[in-house]
Amino acid sequence: MTVTSEKTRIIALAGQPNTGKSTLFNRLTGAKQHVGNWPGKTVEQKSGNFVIGDRPYQLVDLPGTYSLTANSIEEKIARDFIVDEQPDVVVIMADASQLERSLYLLAEIKLLNVPSVLALNMMDVAEEQGKDINVEELEKGLGIKVLPLVAAKGEGVLEFLSAIEAVADKEIKTDTKADSIFKDDKLFNSVKSVITGKINSIFPEDWMVIKLIEGDAEVYGEIQQKISSQEWNKLFTLLNSVEDGQLHAAGLRYEWISNVLSKAVKKQEAVEKKSRGKRFDKIATHPVWGKVLAVLIMLFSFGAAMIVALPVMGGMQPLGKFLVSAVNSGLTSAPQWFVSLLADGLIPGVSVAIMMLGYIFGVYLVFSLLEDVGYVARLAYIFDNSMTKLGLHGKSFMPLLMSFGCNIAGVTGTRVIDTWQQRMVTLVMVSIVPCAALWAVISFIGTIFFSAAMPFIILILLVIMVLHLSLTSYLLRKFVVPGETSGLIMELPPYHKPNWKTIFGHVWVQVKSFFKRAVSLIAILSVVTWALSYRADGNMDLSILASIGKFFDPVTSFLGLDWRLFIALCAAMIAKEAALSVIAVLYGIGGATSITSFLLGGAAAGHAELASTIGSMVNPASALAFIFAFFFTVPCIGTVASIYSESKSLKWTFGSSLYYIVTSLIAGGIAYRVGLLIF
Amino acid sequence: MKSLDLFASGESGIIEKISGGGKFLSRATAMGFTPEADISVIRNGRRGPLIVKLRDTEIAIGRGEASKIEVKEAVK
């Protein structure tokens, strides 16, 4: 058949989580991907293009969901897309090794009357399990074209593409007789007889009927408007005749699936190999050894992230220094302020952003790997109990953990949490966790003043952190986002080999969005800080920045922070490391003249001098106050920007920032008072 | 018949009844928890969530959630 129209066809990719959707997506679209958010939502939308023959196709990846209720944003997005956009083909992805459960989504989509095919992934695993799947029987039973696949190895992809084309060309018809699932159900038929012909909706009638039975709020509202109150009463009595509509509908769907599978799948005695995964899982989910293993894996992960980041971080530092000295020596004829703008403001700012980028890349790479092989779900399981004590559940563990590496990664990591309430609570909590850069500053200052007592101080900081986390969670759940706390129901997917394409795809998206979001902000903030502190005569004491600091002095000195330390606290918004260089400059140490110069490491000599001078200029109680305030203060600008892009709410962004400022000043103030008693 | 959280590791049965709010039920049913489904308990310690297996899938389920699921013990 010759293709005359070049109109791009839309293919929607639906499927439950862990069925290999993104593997297939990457295989089909390669590098031609577009990643953004669903309009007005903070749910990631991926789409990509490919061609079959001459015709362009657009593949839209729907959020991975187990069903299609209106209860979660993801599920609503998926069903609205299918109904509103009427894609040419809906590909439903299922896991051949867990067919019974993963066909549930198909049983739902079937009622939406759209041309669809079933992509049956992980055929190799099913085979290992001793399952003999008869594809023709399955097609007959399900009423749609079935394509066996091993997406990870690319097996079956060609056949898959030609089937997509055939379905889109309407050469293969989808048997959309939805009533084969519910046709013998008394309730279904009675409800249908009440509303039939009276509802003019974008949703098919059978879908409306079953969603009424399930008590779907959206469909309820729509129907109530369209029928008389008499009919509504009749419906109401009918719907109340079963104990629970959701269980009723789900039961019928699974019954239908079981019937189809009983004809299509022959299970031989499984070739039960004691797989390595099983033995590992025994340890990974053990109440004691699981935690030991988790701690080891976490330590190893942060180490690995650091190693991955080293080339970028180690390379950027000398490059930045080189650029600074090149500007200083090369631009002798340019005005002094301009040279200073470049050498003290822009170059160090951008360099630090790029070094952060390298680090974030490392953190995402390592944690995406853990996610991809299936270990993260085990972490959530193992630490669910501890998280429950914080009013959260297991899925919040990963974002909090990643925060120890980088708060930005923690913030974006909250996407995996399924309820909005828990997600927002976790979102605010992750920034209370100290990131790696913050530790560097804390331990540097701490060792100067409290060398031997430092482990003790760190212990206290961690204890306060846990209390702070509990209190924050409590306050948020009590006053800001009240609602029932839902417990854990989470699939523990089978372990599998890492799929590097998927992993790098994910890392690339995260790093790119950090780049877009944060690099410019960090650069701008560096330049602003530079502008506020610049004096042609180099006397920082008279700069605007200094007068701002001195303006707040009455308040901050009450908390034990003199204006220099206070400014250092503020400048840490650029990046936590900036605090050190600000201190160096404001205390006039080591000939440091620019606030940002230390970002590029005034290196060892500078640090040593800083250590000896600051020790004599700041009293221990103030240093203690600074450590505590610094530990809990607002995260860096990159994190704040991420909070905004994840919450899409200025209220949450500013509200949380203000909260961090207030709590950190309280922490600093108390530490100061206690410090005064001790020292 | 007893609730799922009272099953020991290794025990199995058939789900009889599930109670709870609408959101819980919709999550639970989508994950495969429905009356008449075969279920076996893989791990049930003294605290924390359980690991169960049903419909070929391993699922971690909170203790509170598990207590809302009534299961009939399999005949040994």
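Residues numbered from 1 in each chain as written. Chains lettered and ligands numbered in written order. Predicted model: local features only at pLDDT ≥ 70, side-chain atom pairs only at ≥ 80, totals over all residues. Heavy atoms only, no water.

### Some thoughts on the side chain of Gln 421 of chain A
As a reminder, the rule being used: Under the scheme used here, helices are H or I runs from DSSP no shorter than 4 residues and strands are E runs no shorter than 2 residues, and both carry numbers assigned from the N terminus. Relative accessible area decides the class of each residue, using a 1.4 Å probe on protein chains only: under 20% of the type maximum gives buried, over 50% gives exposed, and in between gives partly exposed.
Tracing the backbone through its elements, the reader meets Gln 421 of chain A in helix H21 (residues 420–430). Accessibility expressed as a relative area gives 9% for Gln 421 of chain A, which makes it buried.

### A short note on the pairing of strand E2 (residues 12–18) of chain B
All names here are of chain B. Rules: Note: two strands are recorded as paired if DSSP finds a minimum of 2 bridges between them.
As judged from the 3 bridges shared by E2 and strand E3 (residues 38–43), these two strands associate in the antiparallel manner. Its bridge partner lying in E3, Ser 12 is registered against Ser 40. Taken together, the 5 bridges between E2 and strand E6 (residues 69–73) define a ladder with antiparallel strand orientation. Considered in E6, the bridge of Ile 18 is made with Ile 69.

### Considering the pairing of strand E6 (residues 116–121) of chain A
All names here are of chain A. In terms of burial, E6 is a largely internal element, 6 of the 6 residues being buried. Of the two faces of E6, the one lined by Ser 116, Leu 118 and Leu 120 and the one lined by Val 117, Ala 119 and Asn 121 are each fully buried. As defined by bridge partners, strand E5 (residues 89–95) adjoins E6 across 6 bridges and the pair is classed as parallel. Paired with Ala 94 across the bridge in E6 is Leu 120. As defined by bridge partners, E6 adjoins strand E8 (residues 145–148) across 4 bridges and the pair is classed as parallel. Of the residues in E8, the one forming a bridge with Val 117 is Lys 145.

### A word on the sheet that holds strand E2 (residues 33–37) of chain A
Residues and elements named next belong to chain A. Rules: The axes used here are C-alpha line fits, helices contributing only the stretch in contact, and every angle between their N-to-C directions lies in the interval 0 to 180 degrees.
Strand order across the open sheet formed by 7 strands is E2-E3-E4-E1-E5-E6-E8, with mixed pairing between neighbours. The open sheet has two edge strands with one neighbour each: E2 and E8. This sheet shows a mean twist of 25 degrees between the axes of neighbouring strands, independent of strand direction. In this sheet, strand E4 (residues 55–61) lies alongside strand E1 (residues 9–15) in parallel orientation, the contact comprising 5 bridges.

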